[in-house]
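Below are the chains, spelled out letter by letter.
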Amino acid sequence: MKRSATFLILLFLSISFFSAKAEELPYTPVITPNGSTLAWKMENRVKVFELIVEPCKHEMAPGMVINAWCYNGQTPGPTIEAVEGDRVRILVENKLPEPTAVHWHGVLLPSGMDGVGGLSQRHIPPGDTFAYEFTLKQYGTQMYHSHGDEMVQMGLGTMGFFIIHPKKREKKIDRDYAIMLNEWFVEPGAMTPNPNVMTDFNLFTFNSRAFPGTAPLAARPGERVRLRFGHVGQDFHAIHLHGHTFKTVATDGGDIPESAQWPETTVALGPGQTRDVEFIATEGDWALHCHLRHHPMNAMGHEVPLMLGVNQEGVEDQIQSQLPGYMAMGEKGMHEHTEHAKHMKGPENTLPMMAGGGPFGPIGMGGMFTVFKVHEDIPRFATAEDYSKRVQAPEDLGWYKNPPGTVAESIYKEGKIPSKEGVGPSGKPVVYVCPMHSDVRSNKPGVCPKCGMTLEPQREKKEMHHH
Ligand SMILES: [Cu+2]
């Protein structure tokens, strides 16, 4: 009892220190969407942080949990935030089943604090706690990650941000966000990512979350926003923001002089890099995603036979006689997948390839995709913790209210396309059927009352010839 009481008091003290309001801090606290910021305590003018590296269960998105290796139960680990000139001490306790070491990626420090197991220090054996201590001589977006059995440990999630603020910043940042990029291979139905996979990943994440599991980012119109991206994965990513042009203002090497910054809309990151971009927010709901086409998508997007333009009718009929409910897909593209994903059960513990809904229907994305919401009524969050508590799902903070007349729409009244609707190529009336429930038939387009899927016009069957 006494011990737990002491523990609670200590916990309360560290939390109350950590929860210092934004106005009391000499910087705008960085928000790590879906993540957290590491608490510290002051000991003789040293900021003391504690990291425990250990196996954990991590939810990538609702419906999918993986066996990850984490810092303080999270991947990415909590964001370490400090100020140029600070003396920091970071205690690392190893609760993994094997030795580890932590590298402070991009941080300028004494060689013996650099955290490369075997080169700069002894490996931290399981059960032991090592202290790293150094003075921060620079500012910028840096990272930390495991530097012992890297392929496995980083492949399972041992990475995080180490953000050092300047003592004084010229242009105040109103909203500051950090997103760690990563890619994974998790066999559908399995729980443990396969760290041996070199190139053919099937899950792509922002802060180890895949859309629709990614929290949106938010700002008010006119606010100065900084997005910090970090990457210690295995692939290459090109992060694209809609509705804005931004400037890359800093790399892991420091600030880029203003004369050398150029405007763009996509920032590319290779493994080991960080990039900070800045811009003034414009109202709207804007997509923020990796532009590699498979990366804003979940598992199953690859190794699927190409069916675009292939008439699968005969095949579908034949397979349906053996396997009722079989659907041939992809003939007209993969949009129909976004509808199936709503009601069809996929394999256990994996994510539909395209998912998530918005104010106008299915968004049909996954992986490295999130929404950047710029609304007049976005709250001012007192702490990063407050943000993470209140903003988790794509629909949180509501959707943008478009001014009248500014949304793309059909040129036809009430969306009625005045073509040969209801009439097939031969002039016969078209019958609309549910792809799942063949007994649901209608002479008008609509949705199935049983499952809500859009009814599809039934093809006019050709005479079958048997020889
Ligand atoms: Cu990518």
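Every value quoted in this text rests on a predicted model; they were computed, and no experiment measured them. (Residues numbered from 1 in each chain as written. Predicted model: local features only at pLDDT ≥ 70, side-chain atom pairs only at ≥ 80, totals over all residues.)

A. Region of the structure containing the overall build of the protein chain. Along the protein chain, the regular secondary structure elements total five helices and 26 strands. Taken over 467 residues, the protein chain has a buried fraction of 36%. Intrachain contacts of the protein chain at a sequence separation of at least 6 include 70% that bridge at least 24 residues. (Helix = DSSP H or I, 4+ residues; strand = E, 2+ residues; numbered from the N terminus. Buried ≥ 20, exposed ≤ 12 C-beta atoms within 10 Å, placed from the backbone. Contact = placed C-beta atoms within 7 Å.)

B. Structural view of the sheet that holds strand β23 (residues 369-374). The sheet built from five strands is open, its strands ordered β12-β23-β20-β14-β18 with mixed pairing. Strands at the two margins of the open sheet, each flanked by one partner only, are β12 (217-219) and β18 (266-269). Pairs of neighbouring strands in the sheet enclose a mean axial angle of 15 degrees, with direction left out of account. Here three bridges tie strand β14 (residues 237-241) to strand β20 (residues 284-290), and the two strands are oriented antiparallel to one another. Bridging across to β20, Ile-239 finds its partner in Cys-290. (Pairing = 2+ DSSP bridges. Axes fitted to C-alpha atoms, helices over the stretch in contact; angles between N-to-C directions.)

C. A look at unusual backbone geometry. Pro-76 follows Thr-75 through a cis peptide bond whose omega is -10 degrees. Checked against the element boundaries, Pro-76 lands in the loop between β3 (64-71) and β4 (80-83). Although it is not a glycine, Asn-34 adopts a positive phi angle of roughly 65 degrees. Positive phi is not limited to glycine here, since Arg-45 has a value of about 65 degrees. By secondary structure assignment, the location of Arg-45 is in the loop between β1 (41-43) and β2 (46-61).

D. Quick look at the nonpolar core. Ranked by internal contacts, the top residues of the largest apolar core, which has 84 residues, are Ile-80, Phe-162, Ile-179 and Leu-203. Leave out the neighbours within four places in its chain, and Ile-179 touches Pro-33, Phe-206, Asn-207, Leu-227 and Phe-229. (Core = buried A, V, L, I, M, F, W, Y, C linked by C-beta atoms within 7 Å.)

E. Representation of the pairing of β14. Of the two faces of β14, the one lined by His-237, Ile-239 and Leu-241 is fully buried and the one lined by Ala-238 and His-240 carries no buried residue. Sheet topology places β14 next to β18; four bridges connect them, and they run antiparallel. Looking across to β18, one finds that Ile-239 is bridged to Val-267.

F. Focus on the sheet that holds strand β24 (residues 432-433). Strand order in the open sheet made by the three strands is β25-β24-β26, with antiparallel pairing throughout. The sheet is open, and its two borders are formed by β25 (441-442) and β26 (456-457), each paired with just one other strand. Note that β24 and β25 share two bridges and pair antiparallel. Residue Val-433 lies in a different strand from β25, and its bridge partner there is Arg-441.

G. A look at the confidence of the model for the protein chain. Confidence along the protein chain averages 86 in pLDDT terms, with 80% of residues attaining 70 or more. Contacts of residues 5-17 to residues separated by more than four positions or lying in other chains number four contacts, the stretch itself having pLDDT below 50. Across residues 462-467, where pLDDT falls below 50, the model places zero contacts with residues more than four positions away in sequence or in other chains. (pLDDT = per-residue confidence, 0-100.)

H. Layout of the environment of Ala-68. Within the secondary structure, Ala-68 sits in strand β3. As a C-alpha pair, Ala-68 and Met-191 span 123 residues in sequence and 8.8 Å in three-dimensional space. Not counting residues up to four positions away in its chain, the partners in contact with Ala-68 are Cys-56, His-58, Thr-75, Leu-156 and Gly-157.

I. Local environment of the environment of Leu-241. Looking at where Leu-241 falls in the secondary structure, it is placed in strand β14. The class for Leu-241 is buried, based on 21 C-beta atoms found within 10 Å. Distance in space between the C-alpha atoms of Leu-241 and Thr-266 is 6.5 Å, their sequence separation being 25 residues. Dropping the residues within four chain positions of it, Leu-241 is found in contact with Phe-246, Thr-265, Trp-286, Leu-288 and Phe-372.

J. The pairing of strand β13 (residues 224-231), seen in detail. Most of β13 sits out of view: seven of its eight residues are buried. As paired strands, strand β10 (residues 175-184) and β13 are joined by seven bridges and run parallel to one another. Residue Met-180 lies in a different strand from β13, and its bridge partner there is Gly-230. Of the strand pairs in this sheet, β13 and strand β19 (residues 273-280) are connected by eight bridges, and their pairing is antiparallel. Within β19, the position partnered with Gly-230 by the bridge is Thr-274.

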